[in-house]
Amino acid sequence: MAKKTINKELTGAQDLYNFLFEACNIIRGPVSQDNFKDYITPLLYYKRISDVYDEETEEALISSGGDKEYASLPEQHRFVIPDGCHWQEVRERTENLGAAIVGAMRQIEIANPDTLYGVLSMFSSQKWTNKAILNDSKIRDLIEHLSKRKLGNKDYPADLMGDAYEILLKKFADDSKAQAGEFYTRSVVRLLVHILDPQPGETVYDPACGSGGMLIEAIRYMHDDSLCCGSIFGQEKNVVNAAIAKMNLFLHGASDFSVMQGDTLRDPKILQGGNIAKFVCVIANPPFSLENWGATEWSSDKYKRNIYGTPSDSCGDYAWIQHMICSMSSGKGRM
């Protein structure tokens, strides 16, 4: 029975992936494969937010006996969607669709500073509004394609949505010939998490979190326990990947996490009392053999992470290891 359930989930994720990849085919030609994720990722996220908002509205209407004012209250929704910014409202626009999408996503981000800051605005507005790349007709085709399916939680639970999205991310990486480490294979990630054995209530930190795969697998390992809320942390240098990690965690159902963007070795962002924050579980697939990683700064590191000295600037491997050691809490800390 369990095997049938797993196969059904895999089939569902593959079906959703196929649907999402059809969106890539719509823009293929004017948009290079390397840039697919700059269009499909934010649009998928935007559609998901709008559809979840509609589900929450419907639930609030049912529980309140049809009180529309009650159903529109911010506390009834995970995200605030300002007037004119819902997917359906943008869908009804007849021209300048790229600018309409960018404007709506920015307003949604501004209206949700604690949860969406730096997520949607990381994707180039110039690409969306450049009609020489994507004209209104192509964007209309893209919108109408994604409008064929509801992408809310009732239609696609977080695990299924997240799995389909990860298949898509891997496809993007393969197409752009991204380094394999940026989108690590699920089986290896699962093995590392099983070895680490994170428990509900323990903090988990990935200092080179990429698209968030290891953090997601840690949450999955803990069976999405409510104690995971507020216990998941990551940092990622690449601006777009940091935004994708936040989207990926959201699409997998994570509700309270902290992913910061920045260079972990030169400028760690997750601090506590002015020092490196400590975590029970530290896990990462850092960029090995990284050159020009910041040996000069490390030699006089103000956080005193250079406990075993300064590696050569031609390879930062042992700097990553020292950072991870210094990020472990005393006692139960493990990496």
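See the structure shown above.
Residues numbered from 1 in each chain as written. Predicted model: local features only at pLDDT ≥ 70, side-chain atom pairs only at ≥ 80, totals over all residues. Heavy atoms only, no water.

*Asks:* Even after reading the chapter, I still don't get the layout of surface pockets, so can you show me in this structure?
*Replies:* If a probe as big as a water molecule is rolled over the atoms, it shows which places are left empty. By volume, the second largest pocket amounts to about 470 Å³. Taken together, 25 residues form the lining of the second largest pocket, with Asp114, Thr115, Tyr117, Lys246 and Val259 sitting closest to its centre. Counting only elements with at least two residues in the lining of the second largest pocket, the list comes to helix H6 (113-116), helix H12 (239-251) and strand S3 (257-261). Looking at the lining of the second largest pocket residue by residue, the class counts come to 15 nonpolar, five polar and five charged. (1 Å grid on protein atoms, 1.4 Å probe; cavity = no way out; pocket = protein on both sides within 12 Å on 5 of 7 lines; lining within 4 Å. Points joined across faces, edges and corners; volume = space filled by probe spheres on them. Helix = DSSP H or I, 4+ residues; strand = E, 2+ residues; numbered from the N terminus. Nonpolar A, V, L, I, M, F, W, Y, C, P; charged D, E, K, R; others polar.)

*Asks:* It is not clear to me how a nonpolar patch on the surface should be interpreted in this structure. Could you clarify?
*Replies:* Together, Val188, Leu191, Leu192 and Ile195 line one region of the surface with nonpolar side chains, adding up to about 340 Å² of accessible area. Here Ile195 shows up in helix H10 (residues 186-196). Look at Ile195 and you get exposed, because its relative accessible area is 62%. (Patch = residues over 30% accessible without salt bridge, like charges linked within 9 Å, V, L, I, M, F, W, Y side chains within 5 Å. Areas by Shrake-Rupley, 256 points an atom, 1.4 Å probe, with all protein chains shown as cover. Salt bridge = Lys/Arg side-chain N within 4 Å of Asp/Glu carboxyl O. Buried < 20%, exposed > 50% of the residue type's maximum accessible area, 1.4 Å probe, protein only.)

*Asks:* Explanation requested: the environment of Asp67 in the structure shown.
*Replies:* Tracing the backbone through its elements, the reader meets Asp67 in the loop between helix H2 (36-63) and helix H3 (68-71). Using a relative accessible area of 36% as the deciding quantity, one classes Asp67 as partly exposed. Each C-alpha atom of the pair Asp67 and Asp38 lies 39 Å from the other, and the pair is 29 residues apart in sequence.

*Asks:* Whenever I open this one, the nonpolar core confuses me. Can you help?
*Replies:* Inside soluble globular proteins, nonpolar side chains tend to come together where they are buried. Ranked by size, the top nonpolar core spans 57 residues in total, and within it Leu16, Ile27, Tyr45 and Trp128 carry the most contacts. For this core, the element with the highest residue contribution is helix H1 (residues 2-27), accounting for 10 residues. Discounting residues that sit within four places of it in the chain, Ile27 has contacts with Phe36, Tyr39, Ile40, Leu134 and Leu142. Core analysis: the second largest hydrophobic core is formed by 20 residues, Met214, Met222, Cys228 and Cys281 among them. (Core = buried A, V, L, I, M, F, W, Y, C linked by side-chain atoms within 4.5 Å. Contact = heavy atoms within 4.5 Å.)

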